[in-house]
Amino acid sequence: MDVGFRCPVILCLTLAVLASVLADLDDTLMGAPGSSVRLSENDPGLKKALKFAEERYNMGSNTMHVRRVSKILSASKQLVKGIRYSIMVELSNTQCKKAARLMTCDFYPEEHNLKTEVCVFEVWDIPWESKSTLLNQKCQPAVDPKPVETNKVEFLSLSTSKPVETEDFVELLGQFKEFMVRYNRTYSSQEDTDRRLRIFHENLKTAEKLQSLDLGTAEYGVTKFSDLTEEEFRTLYLNPLLSQQKLQRSMKPAAMPHGPAPPSWDWREHGAVSPVKNQGMCGSCWAFSVTGNIEGQWFVKTGKLVSLSEQELVDCDTADQACGGGLPSNAYEAIEKLGGVETETDYSYTGKKQSCDFTTDKVTAYINSSVELSKDENEIAAWLAENGPVSVALNAFAMQFYRKGVSHPLKIFCNPWMIDHAVLLVGYGERQGKPFWAIKNSWGEDYGEQGYYYLYRGSRLCGINTMCSSAIVN
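Bear in mind that the values here come from a model prediction, so they are computed numbers and not experimental data. (Residues numbered from 1 in each chain as written. Predicted model: local features only at pLDDT ≥ 70, side-chain atom pairs only at ≥ 80, totals over all residues. Heavy atoms only, no water.)

J.: In this structure, what is going on with the packing of aromatic side chains? I would like to understand it.
T.: The geometry of two aromatic rings is summed up by the distance between their centres and the angle between their planes. Under the defined criterion, the tally for this structure stands at 21 aromatic pairs. Look at Phe179 and Phe200: their rings are 5.4 Å apart centre to centre, the planes differ by 45°, and that puts the pair in the tilted class. A residue pair is termed long-range when its members are at least 10 positions apart, and Phe179 in helix H3 (residues 166–182) and Phe200 in helix H4 (residues 190–213) qualify at 21 residues. For the pair Phe179 and Phe200, a shared accessibility class is recorded, and that class is buried. With centroids separated by 5.0 Å and ring planes inclined at 80°, the aromatic side chains of Phe288 and Tyr349 adopt a geometry described as edge-to-face. Separated by 61 residues along the polypeptide, Phe288 in helix H6 (residues 285–302) and Tyr349 in the loop between helix H8 (328–338) and strand E9 (369–372) bring together distant segments of the chain. Judged by its relative accessible area of 8%, Phe288 falls in the buried class. A connected cluster of aromatic rings, assembled from ring pairs, spans Phe225, Phe233, Tyr237, Tyr402, Trp443, Tyr447 and Tyr453. Its guanidinium or amino end placed over the ring of Tyr454, Arg431 lies 4.2 Å from that ring's centre, counting from NZ or CZ. (Phe/Tyr/Trp six-rings, centres within 6.5 Å; stacked < 30°, edge-to-face > 60°. Helix = DSSP H or I, 4+ residues; strand = E, 2+ residues; numbered from the N terminus. Buried < 20%, exposed > 50% of the residue type's maximum accessible area, 1.4 Å probe, protein only. Lys NZ or Arg CZ within 6 Å of the ring centre and 35° of its normal.)

In structure tokens form, the structure reads like this:
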């Protein structure tokens, strides 16, 4: 059976995109709704998306100089509840230092100073709401193309065109079969099975790359998400709205903790954390993060731990987008307006949006307000130990392949300004000399360490400190 390993998925896609550049970019194709349409460099929407991507890139990079798009390699758009742009460009150094804030920035005339990178950006634009989101960014240093060696290029350092040897292929098939049995996977056809095997193979290499570069004690490898592409994983389980700073509802700042953080703390040991739940294939992580926080706050104030309803928020929070994503700040406000939260038993989770079936008579817990915490990790730890579990958000790229240990991915895998998953901080401590945050996730107990993810603490990793909040129960 030929499963096409001589051209790995990421490399094949890359070569296909580069090949399309040879076509006439000015001859924009008109496709059916939802189909991908190739764009001309002069497209106004593309120019806007490129400017936005440039700004976000420069905000998150550690380079001294501003970088600008020096060449557009390919560009397309797709209508998906807005306009989704997929862009491959070259970015090069300008002579402007970031601190200078000059109006015009010219490129270096000397080629050795340009330090060009090839970047792939995915930008989601909703023009009628004046909203733009950078869904994805991957960059690597540009290399001089050599046509005879094109099939040897390693794209994003996550794939290789080396053919799979017989022994390796047999081992791969064994791993894939074990994965299918463990996670009860079945596929609709042989073609689909072959495609999932190729994705599985690419994901193994991504996990190996994460493993080789991790600075913590984490183990990465096969997880229940190993047959999903990065885009599928992001669409089914993550939350692109979290990186939309303009959508955040302002909250009053939390009161400073009364003292410094103790060396370690874990609210699971004090009875304030309910069992791990499972959001399913629905981007409702924001609801699970908020209910987990309220469960903790209710326990601290009343001594009673109750499992609260996420489905109530999915159905009744009109400011958020149910399985399409949401924001904790909106969820707190929705609960205040509704008058409280029902229990999981009274309003059970279905993993899809339904009509709102909230009943005031069944309210079990309520909140009075909500607060935003400091972005200082020491102060976050002190507040958590004193007040209860904290709703937070982070960049979840490395989480797709996390198995156990303290995760410390490099920044290139975990940009702090591209947060896309809401979770619950329940504690912190140290393992084998590595300080960590203990994070309750909402992907079931068969994820990570019995449903938990442990992330290195103290370096604002993956943006864990950027969106910390809590409900207040008086």
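J.: I tried to follow empty space enclosed by the protein on my own but got confused; where do I start?
T.: Where empty space is left can be seen by rolling a probe of water-molecule size over the atoms. As enumerated under the stated definition, the model contains two cavities of 30 Å³ or more in all. Empty space within the largest cavity amounts to approximately 230 Å³. Around the largest cavity, the lining comprises 23 residues; the ones closest to its centre are Leu135, Asn136, Asn395, Met418 and Asp420. Taken together, the elements giving at least two residues each to the lining of the largest cavity come down to strand E5 (131–141) and helix H5 (230–237). No other element matches E5, which puts six residues into the lining of the largest cavity. By residue class, the composition of the lining of the largest cavity is 12 nonpolar, seven polar and four charged. Residues lining the lining of the largest cavity come from more than one domain, with at least three contributed by each of domain 1 (37–141) and domain 2 (230–472). (1 Å grid on protein atoms, 1.4 Å probe; cavity = no way out; pocket = protein on both sides within 12 Å on 5 of 7 lines; lining within 4 Å. Points joined across faces, edges and corners; volume = space filled by probe spheres on them. Nonpolar A, V, L, I, M, F, W, Y, C, P; charged D, E, K, R; others polar. Domains from an automatic or database assignment.)

J.: Before we go on, may I ask you to explain the state of the cysteines in this structure?
T.: In a disulfide, the sulfur atoms of two cysteines are held together by a covalent bond. Tallying each qualifying case throughout the model produces five disulfides. Here Cys119 pairs with Cys139 through a disulfide, and the sulfurs are 2.0 Å apart. Handedness here is read from the sign of the S-S torsion; for Cys119 and Cys139, about 115°, the answer is right-handed. A residue pair is termed long-range when its members are at least 10 positions apart, and Cys119 in strand E4 (residues 117–126) and Cys139 in strand E5 qualify at 20 residues. Across the disulfide, Cys282 is cross-linked to Cys323 (sulfur-sulfur distance 2.0 Å). Taking the sign of the torsion about the S-S bond as the criterion, the disulfide between Cys282 and Cys323, at about -95°, is left-handed. Here Cys282 is found in the loop between strand E8 (265–266) and H6, whereas its partner Cys323 is found in the loop between helix H7 (311–316) and H8, with 41 residues between them in sequence. Owing to a relative accessible area of 23%, Cys323 belongs among the partly exposed residues under this scheme. (Disulfide = S-S within 2.5 Å.)

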